[in-house]
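Below are the chains, spelled out letter by letter.
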Amino acid sequence: MQQTLLISLASAGFGAYASSSLSSLCTSAHVRASLPSNGTLQGIELIPGYTTASVINATSSSAGSSSSTNSTSSGGPGGAGSAGGLGGSTSSAYSYCNVTIAYTHTGKNDKVIVNYAFPSPSDYKNRFYVAGGGGYSLSSSSTGGLQYGAVGGATDAGYNAFSKSYDEVALAGNGSIIWDNAYMFGHQALGEMTLVGKAITKSFYGTSKAKLYTYFEGCSDGGREAMSQVQRWGMEYDGVVAGAPAFRYAQQQVNHVFPALVEQTMDYYPPPCELAKIVNATITACDPLDGKTDGVISRTDLCKLHFNLSSIVGQTYSCAAQTSASLGFGFSKRQATTGSTTSSTPAQNGKVTAKGVAVAQAIYNGLHNSKGQQAYLSWQIGSELSDGDTTYNNKTRSWALSIPSTGGEFVAKFVNLQDLDNISSLNNVTYDTMVGWMNTAYMRFLDSLQTTYPDLTDFQSNGGKLLHYHGESDPSVPSASSVHYWQSVRSIMYPSSSSDSASLSALQKWYQLYLVPGAAHCGSNSLQPNGPYPQDNMATIIAWVEKGVQPSRLNATVSAGTSKGTVDKLCQWPTRPHWASNTSDFTCVNDAASIKTWTYSFPAFKVPIY
């Protein structure tokens, strides 16, 4: 009778081990038996002797926090990571199997270590989950999928990515790129981790005949990592959530230096408080253009069309003295880099100058070469201009140029191939120089870091669903970057559709883009706190993939103000929000003039920039 029940469960997709205890499955012997046979995954050879497994008993007291209370081990290394928000705001106990495996690439004599977290059979829901990292780091935690009944994975990418970021291992020395690390960080390590992990998962639970739904979720570089998998490993994924992806390392990272170059070129170094006043005054002025006054620019396109920054000239600003720290990256990297800095600034009082407005306008206009040709897009008007922040020189009692290591490190290390954390100056650097830096990086890293391939046929034909979102006032990765990529995919994959509406409908069946009003980089915006932010994207993508519930709007929760807790339904691009009155719900409208402000070409380059 028991055997008949197990066969019935297995045929229904529950697996041959559906009634087994976690401890009976979480052994090194069972994991070794679950490894795919060498020769079945081309170029990957598992190292069975390295396999370990241990049961982790943990508690979760709030979203995103956990504590491990007991570990029953069957082997050596492997980090547990965080619980990924299991249990909401109440304390709950859970267990998972912490597994570490290793493999080598055929003929390379290297070793890649991968950590997986397997939920109890009773909690497993035929899902595999991959989380993105941030900055130059891959995720070091494998436990984020447990809350979704999914097996999760994390890889050291062959260069100890559990404790090192990629920029630390990019060069062997000045002028010498470690290309294996570039490809592993760029896309290969995550793809291989997923490929191997899915094979192990099916054997681990005895579900070889059941559909294994595979998901990726990430923001910032984690969003780029998500898109790297869609572009290069599309057949492996069913649902992907990509936030504010840093698609174009060549343009994106160099662009972080652009505000400093504007200041040097114009020979004006505005106090940070002056730039902040320009931003805040812009938010105040443009807020009502969308039809509702709530402290949020929901239509930066209307602000670009109808607001003149010069109107801010003469307004007063005042900022108290403060001490601040810069983490030196700009992709929400959580740990400081060696290039991080701490600085003190005096009290700042004055009036906005015409020179300050000219600097801000030039930054918002974006990089152009000496012929006036556009080289890259910029941050939306009203976005914070922190990359342009100057530093105070106590000796000269004046504000001086500050090169953000966000872009300076990239230019030093990835363009000039010098093992430095920043460039020392912008002497003799012109806008043409900056375009040259972008071009060098574009050619050098096109097949590893650039992540802009627009033909997503493999992913689409496999039934994949892509949920793409971006904060409209992102001060790090410009939101227009996401629009430009979406437009590239549409033009490449549907070049001969009978009508614009036909291509749009076909694309939205599997790829949807949402701009988040007022939001900053991968989170809410302290300058526009009444803006909403998506908080249940995984629920949306799971319903879309597993139940066929195609979204037309995206849930986003307001985190402050009188509307705190309200869930807005964001407009799907290319429609834009509009309020008929200050209190009514907004509608999603088509606005050709607004869409045009989001549309760019880059004639400064001879090749297409997708």
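In this numbering scheme, every chain counts its residues from 1 along its sequence in written order. Per-residue local features are limited, in this predicted model, to residues with pLDDT of at least 70; the limit for side-chain atom pairs, both in listing and counting, is 80 or more; totals at the level of whole chains, interfaces and linings are taken over all residues. To obtain the side-chain values, all non-hydrogen atoms of the structure were included, while hydrogens and water were left out.

Q: Help me understand the sheet that holds strand S22 (residues 567-570) in this model?
A: What links the strands of a sheet is backbone hydrogen bonding, and the strands pair in either a parallel or an antiparallel sense. Strand pairing requires that DSSP identify at least two bridges connecting the strands. Strands here are runs of E lasting at least two residues and helices are runs of H or I lasting at least four, both read from the DSSP assignment and numbered beginning at the N terminus. If you trace the three strands from one edge of the open sheet to the other, you get S20-S21-S22, paired in antiparallel fashion. Edge strands, defined here as strands with exactly one partner in the open sheet, are strand S20 (532-533) and S22. Bridge analysis of strand S21 (residues 554-558) against S22 gives four bridges, and the strand direction is antiparallel. The residue bridging Thr-557 from the neighbouring strand is Val-567, located in S22.

Q: Even after reading the chapter, I still don't get the pairing of strand S24 (residues 586-589), so can you show me in this structure?
A: Put simply, side chains in a regular strand alternate between the two faces of the sheet. Of the strand pairs in this sheet, strand S23 (residues 576-579) and S24 are connected by four bridges, and their pairing is antiparallel. Of the residues in S24, the one forming a bridge with His-578 is Thr-587. Hairpin geometry of S23 and S24 is characterised by an intervening segment of six residues between the two adjacent antiparallel strands.

Q: Can you help me understand the nonpolar core in this one?
A: One broad trend across soluble globular proteins is that nonpolar side chains are buried collectively. Ile-101, Tyr-116 and Tyr-166 are the most contacted members of the largest nonpolar core, which totals 129 residues. Sort the elements by how many residues they give to this core and helix H4 (residues 179-205) lands first, with 10 residues. Residue contacts are defined here by distance: any two heavy atoms, one from each residue, within 4.5 Å place the two residues in contact. Other than its neighbours up to four places away in sequence, Tyr-166 contacts Tyr-136, Tyr-159, Asn-181, Ala-182, Phe-185, Phe-414 and Leu-449. Each nonpolar core is a collection of buried residues, namely Ala, Val, Leu, Ile, Met, Phe, Trp, Tyr and Cys, held together in the definition by side-chain atoms within 4.5 Å. Throughout this description, buried means an accessible area under 20% of the type-specific maximum (1.4 Å probe, protein chains only), exposed means over 50%, and partly exposed covers the range between. Counting 22 residues, the second largest nonpolar core, distinct from the first, contains Ala-519, Met-538, Trp-544 and Val-545.

Q: What is the right way to look at H4 in this model?
A: In an α-helix, one turn spans 3.6 residues; hence positions three or four apart end up facing the same way. One less than the number of residues in a helix, times 1.5 Å, gives the span that helix is expected to have. In a regular helix each residue adds 1.5 Å, so 27 residues correspond to 39 Å; H4 covers 36 Å between its end C-alpha atoms and thus fits that length. The seven residues ending at a residue and the seven starting there each receive a fitted axis; the angle between those axes is the bend at that residue. At Phe-185, H4 shows its maximal bend, which comes to roughly 65°. Of all 27 residues in H4, 19 are buried; the element is thus mostly enclosed. Positive phi appears at Gly-206, one or two residues downstream of H4, with a value of about 70°.

Q: Would you take a moment to explain the state of the cysteines for this structure?
A: Each disulfide is one covalent bond, formed between the sulfur atoms of two cysteines. To count as a disulfide, a pair of cysteine sulfur atoms needs to be within 2.5 Å. Within this structure, the stated rule accounts for five disulfides. Paired through a disulfide, Cys-219 and Cys-522 show a sulfur-sulfur distance of 2.0 Å. Disulfide Cys-219 to Cys-522: torsion about the S-S bond roughly -95°, handedness left-handed. You can see Cys-219 sitting in strand S10 (residues 213-219) and its partner Cys-522 sitting in the loop between strand S19 (511-516) and S20, a full 303 residues away along the chain. Judged by its relative accessible area of 26%, Cys-522 is partly exposed. The disulfide partner of Cys-571 is Cys-588, and the gap between their sulfur atoms is 2.1 Å. Looking down the S-S bond of the Cys-571 and Cys-588 bridge, the torsion is -90°, so its handedness is left-handed. With Cys-571 in the loop between S22 and S23 and Cys-588 in strand S24, the pair connects residues that are 17 residues apart, well separated along the chain. Residue Cys-571 is classed as buried on the basis of its relative accessible area, which comes to 6%.

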